[in-house]
Amino acid sequence: MGGIELKSPSELEIMRQAGRIVSGLLKLMEKEAKPGVSTQKLDEIAEKFVRSQGAEPAFKGYYGYPATICASINDEVVHGIPGKRILNDGDIIGVDVGVILKGYFSDAARTFAIGTVDAESQKLIRVTREAMMRGIAQAVEGNRISDISAAVQAYAEKEGFSVVREYVGHGIGRNLHEDPQVPNYGKPGEGPKLVTGMALAIEPMINAGSHEVKVLADGWTVVTRDGKRSAHFEQTIFITKTKPEIVTE
Ligand code: MF3
Ligand code: CO
């Protein structure tokens, strides 16, 4: 790989604009994700919104991925393909979206409760979001990549959940996935040093049961092996000298 690309202030400004589109879209998805709606319908709404903002869907066509969003329900961890499945009261859904604006990418995800969900699902969503935020809090100049990883893992496991190993966060910029990888588990103090100008997508996937996952026959949908639920949150952030700048909030 070509190493970690540092972004200039003008590149970061474009990525901020891309980030605003992604966060606007996730807000719209939260409003639209209600009992009775299909994930295909959410995808149509998402694609229309992205294009109306002058951006393009980043996932569509990426290694042949067929849609604008990933929609991952209940035991689906990530990369669920939108389709005819209807959301039901009590489901949880992870919505992940990336956009390209003027050649730069932004990528974020949230997990939403559909109607009334059980107490464990509520806790899983809360803990996954908080694990992400604790990881982001470590994303400051002078720390190392695995300080993010260790903070995510420590919190998720303390709360009785487990961390998916096979999929990781990543650098982001002119490409959806750049160096460095950002695992959600590991010992602190390892990996590349964080410096101003780095842009990262930090994205824990946390399982209610065991951390083991498998990919379904569609070649995309990742599910938990034990059938228990999983949640996913992701933000695109910039490293600065002081606190991380979250551009997809
Ligand atoms: N946020 C995910 C990632 O960073 C989504 C990628 S889905 C894909 O990997 F379709 F683009 F692969
Ligand atoms: Co990502």
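Just so you know, these numbers come straight off a predicted model, no measurement behind them.

**Quick word on the pairing of strand 4 (residues 92-101)**
Line of reasoning, step 1. With nine of ten residues buried, strand 4 lies mostly within the body of the structure.
Line of reasoning, step 2. One ladder, built from two bridges, connects strand 1 (residues 56-57) with strand 4; its direction is antiparallel. Residue P57 lies in a different strand from strand 4, and its bridge partner there is V99.
Line of reasoning, step 3. Between the antiparallel neighbours strand 4 and strand 5 (residues 104-113) lie two residues, among them K102 with a positive phi of about 50 degrees.

**Observations concerning the site of ligand 1**
Line of reasoning, step 1. Ligand 1 sits among 13 residues. The nearest are D96, D107, H170, H177 and E234.
Line of reasoning, step 2. At 2.6 Å, a side-chain N or O of D96 approaches a nitrogen atom of ligand 1.
Line of reasoning, step 3. Here a nitrogen atom of ligand 1 sits 3.0 Å away from a polar atom, N or O, in the side chain of E234.
Line of reasoning, step 4. Burial of ligand 1 by the surrounding chains reaches 93%, relative to a free accessible area of 330 Å².
Line of reasoning, step 5. A per-class count over the shell around ligand 1 returns six nonpolar, three polar and four charged.

**Some remarks on the sheet that holds strand 7 (residues 169-171)**
Line of reasoning, step 1. Strand order in the open sheet formed by five strands is 8-7-9-14-15, and the pairing between neighbours is antiparallel. With one partner strand each, in any of the chains shown, strand 8 (178-182) and strand 15 (245-246) form the two edges of the open sheet.
Line of reasoning, step 2. The sheet contact formed by strand 9 (residues 199-202) and strand 14 (residues 235-238) spans four bridges and is antiparallel. The partner of A201 across the bridge, within strand 14, is T236.
Line of reasoning, step 3. Against the sheet, helix 1 (residues 9-32) touches strand 9, strand 14 and strand 15, its axis set at about 155 degrees to strand 14.
Line of reasoning, step 4. Across the face of the sheet, helix 3 (residues 119-137) comes into contact with strand 9, strand 14 and strand 15 while running at roughly 15 degrees to strand 14.

**Examining the packing of aromatic side chains**
Line of reasoning, step 1. What the rule picks out here adds up to two aromatic pairs.
Line of reasoning, step 2. Look at Y62 and Y63: their rings are 4.9 Å apart centre to centre, the planes differ by 90 degrees, and that puts the pair in the edge-to-face class.
Line of reasoning, step 3. We classify Y62 as partly exposed; its relative accessible area is 27%.
Line of reasoning, step 4. Geometrically, the ring pair formed by Y65 and W220 is edge-to-face, given 4.9 Å between the ring centres and 80 degrees between the ring planes. One end of the pair, Y65, is in the loop between strand 1 and strand 2 (69-73); the other, W220, is in the loop between strand 11 (213-215) and strand 12 (222-224), and 155 residues separate them in sequence.
Line of reasoning, step 5. The ring of F161 has K123 sitting right over it, with the charged end atom 5.2 Å from the ring centre.

**So, the sheet that holds strand 13 (residues 230-232)**
Line of reasoning, step 1. The three strands are arranged 6-10-13 in an open sheet whose pairing can be described as antiparallel. Each of the sheet's edge strands pairs with one partner strand only, and the pair in question is strand 6 (162-163) and strand 13.
Line of reasoning, step 2. Relative to strand 13, strand 10 (residues 205-207) runs antiparallel, the two being bridged by three bridges. Note that in strand 13 the partner of M205 across the bridge is H232.

**Remarks on the coordination of the cobalt ion (ligand 2)**
Line of reasoning, step 1. The cobalt ion (ligand 2) binds to the protein through D107 (OD), H170 (NE2), E203 (OE) and E234 (OE), with metal-donor distances spanning 2.1 to 2.2 Å.
Line of reasoning, step 2. Here the cobalt ion (ligand 2) is ringed by six donor atoms whose angles at the metal span 66 to 171 degrees, and the overall shape comes out irregular.
Line of reasoning, step 3. All donor residues of the cobalt ion (ligand 2) come from one chain, and their arrangement in sequence is D-x62-H-x32-E-x30-E. Of this pair, E203 sits in the loop between strand 9 and strand 10 while E234 is found in the loop between strand 13 and strand 14, placing the two residues 31 residues apart along the sequence. Neither residue differs from the other here; E203 and E234 are each classed as buried.

**Comments concerning the packing of helix 1 against helix 2 (residues 39-52)**
Line of reasoning, step 1. Running from N to C, helix 1 and helix 2 point in directions that differ by 150 degrees, and their axes come no closer than 10 Å. In terms of orientation, helix 1 lies roughly antiparallel with respect to helix 2. Of the two elements, helix 1 crosses helix 2, and the hand of that crossing is right-handed. Residues I21, G24, L25, L28, M29 and E32 of helix 1 touch helix 2, and the partners they reach there are L42, I45, A46, F49 and V50.
Line of reasoning, step 2. Partitioned by chemical class, the residues of the contact of helix 1 with helix 2 number nine nonpolar, one polar and one charged.

**A few points about helix 3**
Line of reasoning, step 1. For helix 3, spanning 19 residues, the distance from its first C-alpha to its last is 27 Å, which sits close to the expected 27 Å at 1.5 Å a residue.
Line of reasoning, step 2. Turning to helix 3, its buried residues number three or more, namely S121, L124, I125, V127, T128, A131, M132, G135 and I136.
Line of reasoning, step 3. Where helix 3 begins, the capping side chain belongs to D118, and its oxygen is found 3.1 Å from the backbone nitrogen of E120.

What counts, and at which threshold
Residues numbered from 1 in each chain as written. Chains lettered and ligands numbered in written order. Predicted model: local features only at pLDDT ≥ 70, side-chain atom pairs only at ≥ 80, totals over all residues. Heavy atoms only, no water. Buried < 20%, exposed > 50% of the residue type's maximum accessible area, 1.4 Å probe, protein only. Helix = DSSP H or I, 4+ residues; strand = E, 2+ residues; numbered from the N terminus. Pairing = 2+ DSSP bridges. Near = heavy atom within 4 Å. Polar contact = N/O pair within 3.5 Å; in protein donor to acceptor, adjacent residues only side chain to side chain. Areas by Shrake-Rupley, 256 points an atom, 1.4 Å probe, with all protein chains shown as cover. Nonpolar A, V, L, I, M, F, W, Y, C, P; charged D, E, K, R; others polar. Contact = heavy atoms within 4.5 Å. Axes fitted to C-alpha atoms, helices over the stretch in contact; angles between N-to-C directions. Phe/Tyr/Trp six-rings, centres within 6.5 Å; stacked < 30°, edge-to-face > 60°. Lys NZ or Arg CZ within 6 Å of the ring centre and 35° of its normal. Donors = N, O, S within 2.8 Å, 3.2 Å for Na, K, Ca; no water. Tetrahedral: all angles 85-135°; square planar, octahedral: opposite > 155°, others 65-115°. Parallel < 35°, antiparallel > 145°, perpendicular 65-115°, else oblique. Left-handed = near helix turned anticlockwise from the far one by under 90°. Expected span 1.5 Å × (residues − 1).

By themselves these figures say nothing about function.
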